[in-house]
Structures are given as structure tokens and as C-alpha cells.
Amino acid sequence: MTTPQTLERDLQQIALGDTAAFRRVYEATSAKLYSVSLTIVRRTDWAEEALQDTFIKVWHRAGDYTVAKGSVMSWLISMVRYRSIDLLRNRANQELSTDDFDEIPAADTLDSSLDSLADSKQLRVCMDELQPTTRQAIQLAFVYGLSHQEVSGHLREALGSVKSWIRRGLESLKRCLQR
């Protein structure tokens, strides 16, 4: 079993060009990262591309990682998430409709997704304090990477309302997390 400390050591070795360490990190994390990407892009070929791009970036930028950025796994998830979102945005020739989001879970199952992505008990407490629609809008935007327009379409609510919910919800989270 790979521990966070093992991943940190392997990442330091990758920064020095150690291919065996790179293989260990890939084997330990690729399934989880692929799953994160596939959840966002919902196409295996795009998820594979995002995963490959992420690991190329890991190879070249492993030395940029610091413990202050969070755990290695959260750093990797962040990179694959941003790459997946970039892939969606760069595929302008493939227009996404709200029908593409029928498989996104309802609010109650989104809560369990937050549990798997966030280690912070305080964040969980703060999220529970939000109104259900606000919590769902934030989760759709930040866990699933949907744009405000896409969240609006999925929730079948006005775009302005969704933007307000997300903005006010983030302000509430910030205040709550500062307690």
C-alpha cells in the first residue's frame, strides 16, 4: 500500500529523473486520477488524454510540488481535474448540451462525492450548513467542473440565480472555514 509519505518521496525522486519512482506513482494513482477525469469529461479517450497530459506534467514539474500545496494525491487530482476541464473547453467543435449531464448525481449523492475528495472535516461541516440548492450548485461547479451555464441547465434554474448561489455559498464557506 502506498502512503502519502511514500508518494512524497517518490515525487522527490521523480524530480531527479527517477523513472522507477515515476512508475510507482503512476501505478499507485492512475486509476483514481482516471476516474476523476472520466467523471468530468465522460469520454474514455478524453480521460486517457487528460491522464497522459497530467503525468507528462508530473514528470516535468515534480520539483514544483511542496507540502504546502497539500498532499501529493490532492495535487495530482487538482492537475488532472484542471486538464480535464481544459479539454472540455478546448473541444469547441463538440457543443455540450444539458442532456449531457443527465448522469450527474442528485444533491444527496453529490454529498458522498465531497467526502471522497475532501479530507477536511471542517469543510464538510461548513458544506452541511449551506442550503441544499447552494451546496449542489457549488458541488456541480467545483467537484464536477461544470460552468455556471451548465449548472444552470442541469438544475433548470436561471443563470443569475445559480451565479448568486455559488457566490454567496463561497462567501459563507470562507467565513465558516475562518472560524
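Values in this document were obtained by computation on a predicted structure and should not be read as measured data. (Residues numbered from 1 in each chain as written. Predicted model: local features only at pLDDT ≥ 70, side-chain atom pairs only at ≥ 80, totals over all residues. Heavy atoms only, no water.)

(A) Fine view of the overall build of the protein. Check the secondary structure of the protein and you find nine helices and zero strands. For the protein, the succession of helices and strands along the chain, N to C, is α-α-α-α-α-α-α-α-α. Out of the 179 residues belonging to the protein, those deemed buried represent 37%. For the protein, the proportion of contacts with a sequence separation of at least 24, taken over those separated by at least 6, is 66%. Counting every atom, the protein has about 10,400 Å² of accessible surface; 50% of that belongs to carbon and sulfur. (Helix = DSSP H or I, 4+ residues; strand = E, 2+ residues; numbered from the N terminus. Buried < 20%, exposed > 50% of the residue type's maximum accessible area, 1.4 Å probe, protein only. Contact = heavy atoms within 4.5 Å. Areas by Shrake-Rupley, 256 points an atom, 1.4 Å probe, with all protein chains shown as cover.)

(B) Representation of the packing of aromatic side chains in the model. In this structure the tally under the stated criterion is four aromatic pairs. With a centroid separation of 5.4 Å and 85 degrees between ring planes, the pair formed by Phe 22 and Trp 59 is classed as edge-to-face. Taken together, the residues span a long stretch of sequence, with Phe 22 in helix α2 (residues 19-41) and Trp 59 in helix α3 (residues 44-61) at a distance of 37 residues. When the centroid spacing of 5.3 Å and the interplanar angle of 55 degrees are considered together, the rings of Tyr 65 and Trp 75 count as tilted. Here Trp 75 lies in helix α4 (residues 72-90) and Tyr 65 lies in the loop between α3 and α4, a separation of 10 residues in the sequence. Residue placement shows Arg 81 over the ring face of Tyr 82; its charged tip is 5.5 Å from the ring centre. (Phe/Tyr/Trp six-rings, centres within 6.5 Å; stacked < 30°, edge-to-face > 60°. Lys NZ or Arg CZ within 6 Å of the ring centre and 35° of its normal.)

(C) Structural context of unusual backbone geometry. Of note in the backbone geometry, Arg 42 takes a positive phi value of approximately 50 degrees without being a glycine. Position of Arg 42 relative to the elements: it lies in the loop between α2 and α3. Arg 42 gets classed as partly exposed once you look at its relative accessible area, which sits at 27%. Positive phi is not limited to glycine here, since Arg 156 has a value of about 55 degrees. Within the secondary structure, Arg 156 is located in the loop between α8 (148-155) and α9 (159-177).

(D) Up close: the confidence of the model for the protein. For the protein, mean pLDDT is 81; residues scoring 70 or higher make up 83% of the total. Taking the mean pLDDT of every element in the protein, the minimum, 47, falls on helix α5 (residues 107-117) and the maximum, 93, on α2. Note that residues 92-111 has pLDDT below 50 and, in this model, 32 contacts with residues that lie over four places away or in other chains. Confidence drops under pLDDT 50 across residues 115-119; counting only partners more than four residues distant or on other chains, this segment forms four contacts. (pLDDT = per-residue confidence, 0-100.)

(E) Molecular detail of the pattern of salt bridges. For the structure on display, the rule yields seven salt bridges. The shortest N-O distance in the salt bridge between Arg 43 and Asp 45 comes to 2.7 Å. For Glu 49, the salt bridge identified is with Arg 83, shortest N-O distance 3.8 Å. Of the two residues, Glu 49 is situated in helix α3 and Arg 83 in helix α4; the sequence distance between them amounts to 34 residues. The class for Glu 49 is partly exposed, based on a relative accessible area of 28%. Within this structure, Glu 49, Asp 53 and Arg 83 form a network of salt bridges that share partners. (Salt bridge = Lys/Arg side-chain N within 4 Å of Asp/Glu carboxyl O.)

(F) Fine view of the nonpolar core. If you look at the biggest cluster of nonpolar residues, it comprises 26 residues, and the most contacted ones within it are Leu 11, Ile 14, Leu 33, Val 58 and Leu 76. For this core, the secondary-structure elements that each account for two or more residues are α1 (4-15), α2, α3 and α4. Met 127, Ala 137, Leu 155 and Val 162 belong to the second largest nonpolar core, which has 17 residues in total. (Core = buried A, V, L, I, M, F, W, Y, C linked by side-chain atoms within 4.5 Å.)

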